[in-house]
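Take a look at the letters that make up each chain.
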Amino acid sequence: MKHLSQITIIAALSLAGELLSYLIPLPIPGSIYGLILMLILLILKVIRLPQVKAVSDWLLSLMPVMFVGPTVALIVTFDEYKSFLLPLLIVATVTTVIVMAVSGCTAQVLITRSERKEDRDAE
C-alpha cells in the first residue's frame, strides 16, 4: 500500500506537469514541470521525502534499462548521422566542459557563502 501511494504522488505530479506543459505556451516538456513541482513541494515540505523515497529509489534503479532502447536506435541509425558526428562530438564536449565549470563555480560560491554564514553565526 505504501508503494501505491508513492506511485500515485509521483504520477499525479507528472500529470500536473503535462497539464502545465499543455496550458503554458513555452517549449518546456511536461516532465520538467513535474520535476519542478516535486522540488517545490519537497522544499515547502508539503511532500516529505519518505513519502516518495522508496518508489523514487526503485525508479532510479531502473534508469539504466531505459537507455538500452535509445542506444540500440543510435547504433542502428549510425549511417544517418555519421556525416555530422565530429561536429556533434565537439559541441557535446565543449558544452559538457562549460556545464562542469559553471556547476563547479556555483558550488564553490555556495560553499563559501555557507562558510561565511557559519562563521558569522559562531561569533
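Residues numbered from 1 in each chain as written. Predicted model: local features only at pLDDT ≥ 70, side-chain atom pairs only at ≥ 80, totals over all residues. Heavy atoms only, no water.

## Some remarks on the packing of helix 1 (residues 2–23) against helix 3 (residues 53–66)
Where we set the bar: Throughout, an axis means a line fitted to C-alpha atoms (over the contacting stretch in the case of helices), and angles, computed between N-to-C directions, take values from 0 to 180 degrees. Helix and strand definitions here come from DSSP, where helices need a minimum of 4 consecutive H or I residues and strands a minimum of 2 consecutive E residues; each element is numbered from the N-terminal end. Roughly parallel covers angles under 35 degrees, roughly antiparallel covers those over 145, roughly perpendicular covers 65 to 115, and oblique covers all other angles. Here a residue-residue contact requires only that any non-hydrogen atoms of the pair lie within 4.5 Å. Each residue is assigned to one class: nonpolar for Ala, Val, Leu, Ile, Met, Phe, Trp, Tyr, Cys and Pro, charged for Asp, Glu, Lys and Arg, and polar for all the others, Gly among them.
For the pair helix 1 and helix 3, interaxial distance at closest approach is 8 Å and the crossing angle is 75°. Judged by the angle between their axes, helix 1 and helix 3 are roughly perpendicular. Between helix 1 and helix 3, the contacting residues are Lys2, His3, Gln6, Ile7 and Ile10 on the first element and Lys53, Ala54, Val55, Ser56 and Leu59 on the second. Of the residues that constitute the contact of helix 1 with helix 3, the class distribution is five nonpolar, three polar and two charged.

## Describing the side chain of Gln6
Counted only if it meets this: Counted as a polar contact is a pair of N or O atoms within 3.5 Å, where, for protein atoms, one must be capable of donating a hydrogen and the other of accepting one, and residues adjacent in sequence contribute only when both atoms are in side chains.
As for its position among the elements, Gln6 is in helix 1. A polar atom in the side chain of Gln6 sits 3.3 Å from the backbone oxygen of Pro50.

## Comments concerning the pattern of salt bridges
Heads up, the condition is: Definition used for salt bridges: Asp or Glu carboxyl oxygen within 4 Å of a side-chain nitrogen of Lys or Arg. To sort residues, take the accessible area from a 1.4 Å probe on protein chains only and compare it with the maximum for the residue type: under 20% means buried, over 50% means exposed, and anything in between is partly exposed.
A complete count under the given rule lists two salt bridges for this structure. Close ionic contact of Asp57 with Lys53 constitutes a salt bridge, the shortest N to O distance being 3.1 Å. Here the residue Asp57 and the residue Lys53 both occupy positions in helix 3, the gap between them amounting to four residues, near one helical turn. The class of Lys53 is partly exposed, set by a relative accessible area of 40%. Where Lys82 meets Asp79, a salt bridge forms, and the shortest distance between an N and an O atom there is 3.7 Å. A relative accessible area of 60% means that Asp79 is categorised as exposed.

## Some points on the nonpolar core
Filter applied, for reference: Put simply, buried Ala, Val, Leu, Ile, Met, Phe, Trp, Tyr and Cys residues joined by side-chain atoms within 4.5 Å make one nonpolar core.
In terms of nonpolar packing, the biggest core is built from six residues, these being Ile10, Leu13, Met38, Ile47, Val52 and Val55. Beyond its immediate sequence surroundings of up to four residues, Met38 is in contact with Ile10, Leu13, Ile47 and Val52.

## Digging into unusual backbone geometry
In this structure, Lys45 takes a positive phi of about 60° despite not being glycine. Secondary-structure assignment places Lys45 in the loop between helix 2 (30–43) and helix 3. Since its relative accessible area comes to 54%, Lys45 is described here as exposed.

## Some words on the confidence of the model for the protein chain
Convention followed: Per-residue confidence from the predictor is reported as pLDDT, which spans 0 to 100.
For the protein chain, the mean per-residue pLDDT works out to 92, and 100% of the residues sit at or above 70. Per-element averaging of pLDDT across the protein chain places helix 5 (residues 78–81) at the bottom with 87 and helix 2 at the top with 95.

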